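Observations on the three-dimensional arrangement
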Amino acid sequence: MAEIRVLDKHTAELIAAGEVVERPASVAKELLENAIDAGATQITLSITRGGIAQLQIVDNGSGIEAEYIDKAFIRHATSKIATAEDLAHIHTLGFRGEALASIASVAKVEVLTRTEQDEYACCYRIEGGEPQGMEPGARPVGTTITVRDLFYNTPARMKFLKKDASEGTYVADTVLHAALSHPEISFRFLRDGKQQYLTPGDGDLRSTVYAVLGREFARDLLPVEGGNGVYRVTGLITPPRACRASRGTQHFFVNGRYVKNRTMMAALENAYKGTMMQGKFPGAVLMLEMPADLVDVNVHPAKTEIRFARESDVFDAVYRAVRTALTTPGSGECRFEMKQPEPASGRPQVPDPVTPQSVQRQEPAKPKFSTMSAAEYRAMHQLTEAVPARPLPGTVTMQSSGTVYRTQVSHPAAIPQAAAPMRKPNTVEDDTVLDILPELPEQEVLPAAAPEAPLESEEITTVPQPEPAREGPEQQSMQALSALPQQPIPGQQTTLLPPEKEPLKLVGEVFKTYIITEREGELCLIDKHAAHERILFEKLSKDYGNVPAQMLLVPVQVNLTAAEKQAVLQNLSMLNDAGLEVDDFGGATVLVRAVPADVEVDDVEDMVVELANHLMDGSRDALREKTEWVLHSIACRAAIKAGDRTSAAEMLALAQEIMDGSIPPFCPHGRPCVLKITRKELEKQFGRLV
């Protein structure tokens, strides 16, 4: 029968400390909460070696009276609550009375504190839970707590810590959350002697966000202010156009306490539905003020998880406040008005004479502004060189550097004039209409001239064809011999070659997303984005370590969270092998100097954010899995997007490459690229076959 023992004090304290103190960031969180509860208006936190060697916090709060300093390090000793009823009305960040005792049991702690009534400060030391004595000291009103050699007496806990840089990143996130939750307090964070950020402490949330999250994030934030009954929601959110590829910039606070809550996150993202692209997530700093008796913060020792008494009411309050901010005029969506210039005073405006030509040129009114993709914008402004189409037999063309012209000459005197560019045929822009390309004819008929200007002559450019060489007597005899039936040689095996496949025939494109092809009685629908993504992924995998990259004329600055940036910097060699050249730019910013040749500049920022998020979440994955994620993301960003305009030659080349069998017919994420429908299946659907 097993014997039941009562653990000694030291062992019990180590077990209890494991619930509260997981890493240096846990120590920073508990000490910051104590400084805030003490009424401090200026707090400085400095760390050395990620907070493992030393973590020091200095505040100008009320301080601790000398007679109570030793009691503060006794487990379950606190000044925040007195009775069990107080647990239902907690208005302070700390209330358990376990933090200082847990920290002191696994580290060497020194406290230097002074109250306004004391003439001098008091210095108290405790190591491994054992008091080392008290002595007089000197400092202004407030408290300085220095924690050295964390986990010095628990080597088993020490070996589970990460690198100093990673632990320092966790501490930086803790200070960031404390600064955002209390913009009225000035926070200063030092890391290995270097200042990371300093908040003004003026009570303005936007200025605090600017100081800790950067200018790019804080520039276009929308204010949120609303509520529902006893719930009040305030804060800042990003406009729909500034949403990111990860949830790293979502920060939620309840009664001044940073929390991780799915209810508030779901309410925020549901409010953005219909306004942001798929795969994007809004950024937000949301504060929820509510009665203390409707929220339970005594759920987890770290106090980051809470439980609401009425979750549906919290969801409605956050949803309505965010939705109201997004629908308010001037909420980040640009609105312009194009006004016609007024005629000069005293001179009546004379309308232009109406001519048949002007009547034909009239087109229906177009919207003043429209949304277009980056590829369409570059094509409209001729920022990229167009790919000339292959000339068909019988087509009359004049080729110059990069532009195809068709010329019609109405009079010989007009020949020296510059030729007019080919007019684009009228197309229907509505995506609900099938965009089916007709079969290309053998000859193209030139457009007829206007009735009043009959065509008199045409300028025709012909390409001389090489004349066939005259056959000599020997060549004629060889052709005659080759026409005779071949007799098989006895004892020699005859190899029959497989019949050649019918060439792939392009039918057209539907919804600007799916390519329609035909071959050997099969109708093939090809997702052009998934197919191109797979092709690029195979190319990147083959060239990994020597991926062709393009240097950017202007390097792209990308703002990341502290954890995302740390994940990127730890995988620089892998990113470099994939064609990405990334450098540290200080603060929370990285600088992208080169990207793979197929990636557009407009997609660089989103691609790096997505890569950082994957690398951060998959920090424990094997190198092979990380590498595949990186190549997946690069291929997805570089591939043709659904809705992009694609020429017939590009569609045919893409279809042939995915249909020849050398590339798996599914994208790197597992989605199919090709859907085949046989002629027999179609005839069954139309009732031709029973």
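Bear in mind that the values here come from a model prediction, so they are computed numbers and not experimental data. (Residues numbered from 1 in each chain as written. Predicted model: local features only at pLDDT ≥ 70, side-chain atom pairs only at ≥ 80, totals over all residues. Heavy atoms only, no water.)

1. Topic: the overall build of the chain
- On a plain count of helices and strands, the chain comes out with 20 helices and 24 strands.
- Residue burial in the chain is summarised as follows: out of 690 residues, 38% are buried.
- Working note: accessible area of the chain is about 42,100 Å², and carbon and sulfur atoms make up 53% of it. (Helix = DSSP H or I, 4+ residues; strand = E, 2+ residues; numbered from the N terminus. Buried < 20%, exposed > 50% of the residue type's maximum accessible area, 1.4 Å probe, protein only. Areas by Shrake-Rupley, 256 points an atom, 1.4 Å probe, with all protein chains shown as cover.)

2. Regarding the packing of aromatic side chains
- Tallied over the full model, the rule gives four aromatic pairs.
- Ring centres of Phe315 and Tyr319 lie 6.2 Å apart, and the angle between their planes is 10°; on these two criteria the pair is classed as stacked. In this pair, Phe315 and Tyr319 both sit in helix H10 (residues 311-327), four residues apart, roughly one turn of the helix.
- Geometry around Tyr170 places Arg23 over its ring, the cationic atom sitting 4.4 Å from the centre.
- Sitting over the face of the ring of Tyr152, Lys108 holds its NZ or CZ atom 5.1 Å from the ring centroid. (Phe/Tyr/Trp six-rings, centres within 6.5 Å; stacked < 30°, edge-to-face > 60°. Lys NZ or Arg CZ within 6 Å of the ring centre and 35° of its normal.)

3. Let's talk about the pairing of strand E8 (residues 194-198)
- Two strands pair when backbone bridges link them, and strand E7 (residues 186-191) and E8 are joined in this way by four bridges, in the antiparallel orientation. Residue pairing in the sheet places Arg188 in a bridge with Leu198 of E8. (Pairing = 2+ DSSP bridges.)

4. Focus: helix H14 (residues 528-542)
- Look at H14: 21 Å from first C-alpha to last across 15 residues, which is about the 21 Å you get at 1.5 Å a residue.
- When you tally the buried positions in H14, you get eleven out of 15 residues, the bulk of the element.
- When H14 is considered as a whole, its buried residues turn out to be Lys528, His529, Ala530, Ala531, His532, Glu533, Arg534, Ile535, Leu536, Phe537 and Leu540. (Expected span 1.5 Å × (residues − 1).)

5. With respect to the packing of helix H15 (residues 562-569) against helix H17 (residues 604-617)
- Between H15 and H17, the shortest axis-to-axis distance is 8 Å and the interhelical angle comes to 85°. Classified by the angle between their axes, H15 and H17 sit roughly perpendicular to one another. The segment H15 lies against H17, with Ala563, Glu564, Ala567 and Val568 engaging Ala612, Asn613, Leu615 and Met616.
- Grouping the constituent residues of the contact of H15 with H17 by class yields six nonpolar, one polar and one charged. (Axes fitted to C-alpha atoms, helices over the stretch in contact; angles between N-to-C directions. Parallel < 35°, antiparallel > 145°, perpendicular 65-115°, else oblique. Contact = heavy atoms within 4.5 Å. Nonpolar A, V, L, I, M, F, W, Y, C, P; charged D, E, K, R; others polar.)

6. Regarding the pattern of salt bridges
- Enumeration according to the criterion identifies 21 salt bridges in this entry.
- Its salt-bridge partner being Arg219, residue Glu216 comes within 2.9 Å of it at the nearest N-O pair. Of this pair, Glu216 and Arg219 both sit in helix H8 (residues 215-219), separated by three residues, roughly a single helical turn.
- Glu216 gets classed as partly exposed once you look at its relative accessible area, which sits at 38%.
- Overall, Arg219 belongs to the exposed group, its relative accessible area being 51%. (Salt bridge = Lys/Arg side-chain N within 4 Å of Asp/Glu carboxyl O.)

7. Topic: empty space enclosed by the protein
- Applying the stated rule across the entire model yields one cavity of 30 Å³ or more.
- In terms of lining residues, the largest cavity is bounded by Val568, Leu575, Leu580, Val582, Val608 and Leu611.
- A per-class count over the lining of the largest cavity returns six nonpolar, no polar and no charged. (1 Å grid on protein atoms, 1.4 Å probe; cavity = no way out; pocket = protein on both sides within 12 Å on 5 of 7 lines; lining within 4 Å. Points joined across faces, edges and corners; volume = space filled by probe spheres on them.)

8. So, helix H9 (residues 262-271)
- The element H9 is largely enclosed, with a buried count of seven among its ten residues.
- In this structure, the buried residues of H9 make contact with strand E10 (231-237), strand E11 (250-254), strand E13 (284-289), strand E15 (307-308) and H10.
- Where H9 begins, the side chain of Asn261 points an oxygen toward the backbone nitrogen of Thr263, at a separation of 3.1 Å. (Polar contact = N/O pair within 3.5 Å; in protein donor to acceptor, adjacent residues only side chain to side chain.)

9. What about unusual backbone geometry?
- A positive phi is found at Asp149, a non-glycine position, where the angle reads about 50°.
- Mapped onto the secondary structure, Asp149 falls in the loop between strand E6 (142-148) and helix H5 (155-158).
- In this structure Asp149 comes out as partly exposed when scored by relative accessible area, which is 33%.
- Phi is positive for Lys512, close to 55°, though the residue is something other than glycine.
- Along the polypeptide, Lys512 turns up in the loop between strand E18 (505-510) and strand E19 (514-519).

10. Quick word on the confidence of the model for the chain
- For the chain, the mean per-residue pLDDT works out to 76, and 69% of the residues sit at or above 70.
- Long-range and interchain partners of residues 466-471, a stretch whose pLDDT sits below 50, account for three contacts in this model, where long-range means more than four residues apart. (pLDDT = per-residue confidence, 0-100.)

11. Overview of the nonpolar core
- Within the largest apolar cluster, 58 residues are counted, with the highest numbers of intra-cluster contacts made by Leu31, Ile43, Leu45, Phe73, Val109 and Val209.
- Ignoring sequence-local partners within four residues, the contact set of Ile43 consists of Leu32, Ala35, Ile36, Ile57, Val58, Asp59, Ile185, Ser186, Phe187 and Arg188.
- The next biggest cluster of nonpolar side chains, apart from the first, holds 33 residues, and it includes Ala245, Val595, Met607 and Val630. (Core = buried A, V, L, I, M, F, W, Y, C linked by side-chain atoms within 4.5 Å.)

12. Side note on the sheet that holds strand E2 (residues 54-59)
- Strand order across the open sheet formed by eight strands is E5-E4-E3-E6-E2-E1-E7-E8, with mixed pairing between neighbours. The open sheet has two edge strands with one neighbour each: strand E5 (130-137) and E8. Averaged over neighbouring strand pairs, the angle between their axes works out to 15° when direction is ignored.
- Pairing between E2 and E6: six bridges, direction antiparallel. Considered in E6, the bridge of Val58 is made with Thr144.

13. Things to note about the side chain of Thr238
- Following the sequence through the fold, Thr238 ends up in the loop between E10 and E11.
- Beyond its immediate stretch of four places on either side in the chain, Thr238 contacts Phe217, Leu221, Cys243, Tyr272, Pro282 and Gly283.

14. A word on the sheet that holds strand E22 (residues 581-584)
- The three strands are arranged E21-E23-E22 in an open sheet whose pairing can be described as antiparallel. Bordering the open sheet on either side are strand E21 (549-559) and E22, each of which pairs with just one other strand. Recorded for the sheet is a direction-independent mean angle of 20° between the axes of neighbouring strands.
- Here four bridges tie E22 to strand E23 (residues 589-596), and the two strands are oriented antiparallel to one another. Opposite Asp584, over in E23, you have Val590 as the bridge partner.
- Packing of H17 onto the sheet brings it into contact with E21 and E23, and relative to E23 it is tilted by some 110°.

15. Some points on the environment of Ala35
- Inspection of the secondary structure assignment puts Ala35 in helix H2 (residues 24-37).
- Remark: the alpha-carbon pair of Ala35 and Gly63, spanning 28 residues in sequence, is separated by 8.9 Å.
- Discounting residues that sit within four places of it in the chain, Ala35 has contacts with Ala40, Ile43, Ile57 and Asp59.

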